[in-house]
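Working through the structure, step by step
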Amino acid sequence: RAGEPCEAPQAIVERIWLLGVEHTSAKKGTTPVVILSKVYPNTPAAMAGLRQGDIILAVDKQEISKPEQFDRSLEHSDGKVTIEIERDSKKEQVAV
């Protein structure tokens, strides 16, 4: 809800650029993927429409297959990224 404090853990809140997600590695068939395991309310990720279970395919057109790649792509961004996701077997682009 708008105006309420962020519910993300303090360690996440203290980062300079906060996306507001937790993620994990998984496999889709034999392909390694990164899946959002949690999206915190009132964060850029939640406001952009990212959801738990979304599969991260790319960040700013750079393919992502490992959690470390996802983290690095966010750390090296200027705070604005386009994330390509797969949700319900459909690909989407989300600007955050």
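See the structure above.
Anyway, here's the lowdown on the structure attached to this text. Since the structure is predicted, the reported quantities are computational estimates derived from the model, not experimental observations.

A volume near 180 Å³ is recorded for the second largest pocket. Forming the boundary of the second largest pocket are Lys28, Thr31, Pro32, Val33, Ile56, Leu57, Ala58, Glu63, Ile64, Ser65 and Glu84. For the lining of the second largest pocket, the secondary structure elements donating two or more residues are strand E2 (31-39) and strand E3 (55-59).

For the rest of this paragraph, the subject is the pattern of salt bridges. If you walk through the whole model with that rule in mind, you get 3 salt bridges. Between Arg87 and Glu92 there is a salt bridge, and its shortest N-O distance comes to 3.5 Å. Overall, the relative accessible area of 32% leaves Glu92 in the partly exposed class. Bridged by salt links that share partners, the residues Asp54, Arg87 and Glu92 form one connected network.

Below, the discussion takes up unusual backbone geometry. In the Ramachandran plot, Asn42 falls in the positive-phi region, its phi being about 60° despite a non-glycine side chain. Exposure remark for Asn42: the relative accessible area of 24% places this residue in the partly exposed category. Here Lys61, not a glycine, exhibits a phi torsion of approximately 70°, which is positive. By the secondary structure assignment, Lys61 is in the loop between E3 and strand E4 (62-63).

With respect to the secondary-structure elements, Ser73 resides in helix H3 (residues 67-75). The class of Ser73 is buried, set by a relative accessible area of 18%. Side-chain polar atoms of Ser73 contact the backbone oxygen of Phe70, separated by 2.7 Å. Residues within four places of Ser73 in sequence aside, it is in contact with Val59 and Ile64.

Relative to the elements of secondary structure, Asp54 occurs in the loop between helix H2 (44-48) and E3. A distance of 2.8 Å separates a polar atom in the side chain of Asp54 from a polar atom in the side chain of Arg87. Setting aside residues no more than four positions away along its own chain, Asp54 makes contact with Val34, Ile35, Leu36, Gly49, Ile85, Glu86 and Arg87.

Conventions and cut-offs
- Residues numbered from 1 in each chain as written.
- Predicted model: local features only at pLDDT ≥ 70, side-chain atom pairs only at ≥ 80, totals over all residues.
- Heavy atoms only, no water.
- 1 Å grid on protein atoms, 1.4 Å probe; cavity = no way out; pocket = protein on both sides within 12 Å on 5 of 7 lines; lining within 4 Å.
- Points joined across faces, edges and corners; volume = space filled by probe spheres on them.
- Helix = DSSP H or I, 4+ residues; strand = E, 2+ residues; numbered from the N terminus.
- Salt bridge = Lys/Arg side-chain N within 4 Å of Asp/Glu carboxyl O.
- Buried < 20%, exposed > 50% of the residue type's maximum accessible area, 1.4 Å probe, protein only.
- Polar contact = N/O pair within 3.5 Å; in protein donor to acceptor, adjacent residues only side chain to side chain.
- Contact = heavy atoms within 4.5 Å.

Shape is all these values report; function is a separate question.
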